[in-house]
Amino acid sequence: MHFGIRKLDLTETPPYELLLMADPSIEQIENYLPLSEVFIAENEGEILGCYVICEIGKNQWEIKNIAVLTEKQGFGIGRKLIEDAIVRVRGRNALKIIIRTGNSSMMQLRLYQKCGFMISEVEKDYFVKPYPEPIFENGIQCKDRVTLMKVLKHEC
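No experiment lies behind these values; they were computed from the predicted model shown.

Q: Can you lay out the pattern of salt bridges for me, pointing to particular residues and giving the numbers?
A: Summed over all chains, the structure comprises 11 salt bridges. Across the pair Arg6 and Glu42 runs a salt bridge whose closest N-O atoms are separated by 2.6 Å. Of the two residues, Arg6 sits in strand 1 (residues 4–7) while Glu42 sits in strand 2 (residues 37–43), which places them 36 residues apart along the sequence. Glu83 is paired through a salt bridge with Arg79; the nearest N and O atoms lie 3.9 Å apart. Here the residue Glu83 and the residue Arg79 both occupy positions in helix 3 (residues 77–90), the gap between them amounting to four residues, near one helical turn. Taking the relative accessible area as the measure of exposure, Arg79 reaches 30% and is therefore partly exposed. One salt-bridge network, in which partners are shared between bridges, spans Arg6, Glu12 and Glu42.

Dropping the structure here:
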């Protein structure tokens, strides 16, 4: 499948339908979007997926959100989005990049590890308190937040 990845223009509306696939809290999304950059994968004007990156510390970046349309999953778009994010933050002298997901996100955990990310932290019951309804995915309750990290350069 052919597609391009570009930065979302400030005059464009963020793809909330996609963003909400990865983060069910519009409040959380609205909190991090002003501090972030949004990139979209598109083919002939159709948005296929997106990711959001944010600098979280000196030479440290986070992929805050990443999503691909359900019917377009399995075509390598997610992998290309992650690779694009890594290239972009490397160009900004990032030493490491992190991505976070829920313990129940089996496909995402697999993809992130295949892209070279390693589990670095697990925050127990992270998703239990802030969300009014329990989140279930793959028949598993999403309770814990898993942080994965990829070292891009070593500090001297």
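Q: An account of the nonpolar core is requested, with residue identities and associated values reported.
A: One finds Tyr51, Ile53, Ile63, Ile66, Ile97 and Phe117 to be the most contacted residues of the largest nonpolar core, which totals 25 residues. Elements supplying a minimum of two residues to this core: strand 2, strand 3 (46–57), strand 4 (60–68), helix 3, strand 5 (96–102), helix 4 (106–114) and strand 9 (145–151). A per-element tally of this core places helix 3 first, with six residues. Those residues in contact with Tyr51 that lie beyond four places of it in its chain are Ile5, Glu37, Val38, Phe39, Ile63, Asn65, Ile66, Leu81, Asp84, Ala85 and Arg88. With 12 residues, the next largest nonpolar core counts Val38, Ile40, Cys50 and Leu69 among its residues.

Q: Provide a residue-level description of the packing of aromatic side chains, including the pertinent values.
A: Inspection of the entire model under this criterion finds two aromatic pairs. Judged by centre distance (5.0 Å) and plane angle (15°), the rings of Phe39 and Tyr51 are stacked. Of the two residues, Phe39 is situated in strand 2 and Tyr51 in strand 3; the sequence distance between them amounts to 12 residues. The residues Phe39 and Tyr51 share a single accessibility class, namely buried. Seen from their ring centres, Tyr126 and Phe127 are 5.0 Å apart, and the 85° between their planes marks the pair as edge-to-face. When its relative accessible area of 14% is taken as the criterion, Phe127 is described as buried. Geometry around Tyr126 places Arg145 over its ring, the cationic atom sitting 3.9 Å from the centre.

Q: So what's going on with the sheet that holds strand 1? Which residues, and what values?
A: Spatially, the seven strands line up as an open sheet ordered 1-2-3-4-5-9-6, and their pairing is mixed. One side of each edge strand has no neighbouring strand; the edge strands of this open sheet are strand 1 and strand 6 (118–123). Within this sheet the neighbouring strands show an average axis-to-axis angle of 25°, counted without direction. Lying over the sheet, helix 4 contacts strand 4, strand 5, strand 6 and strand 9, oriented at roughly 165° with respect to strand 5.

Parameters and conventions
Residues numbered from 1 in each chain as written. Predicted model: local features only at pLDDT ≥ 70, side-chain atom pairs only at ≥ 80, totals over all residues. Heavy atoms only, no water. Salt bridge = Lys/Arg side-chain N within 4 Å of Asp/Glu carboxyl O. Helix = DSSP H or I, 4+ residues; strand = E, 2+ residues; numbered from the N terminus. Buried < 20%, exposed > 50% of the residue type's maximum accessible area, 1.4 Å probe, protein only. Core = buried A, V, L, I, M, F, W, Y, C linked by side-chain atoms within 4.5 Å. Contact = heavy atoms within 4.5 Å. Phe/Tyr/Trp six-rings, centres within 6.5 Å; stacked < 30°, edge-to-face > 60°. Lys NZ or Arg CZ within 6 Å of the ring centre and 35° of its normal. Pairing = 2+ DSSP bridges. Axes fitted to C-alpha atoms, helices over the stretch in contact; angles between N-to-C directions.

Note that all results are geometric; they support no functional claim without further evidence.
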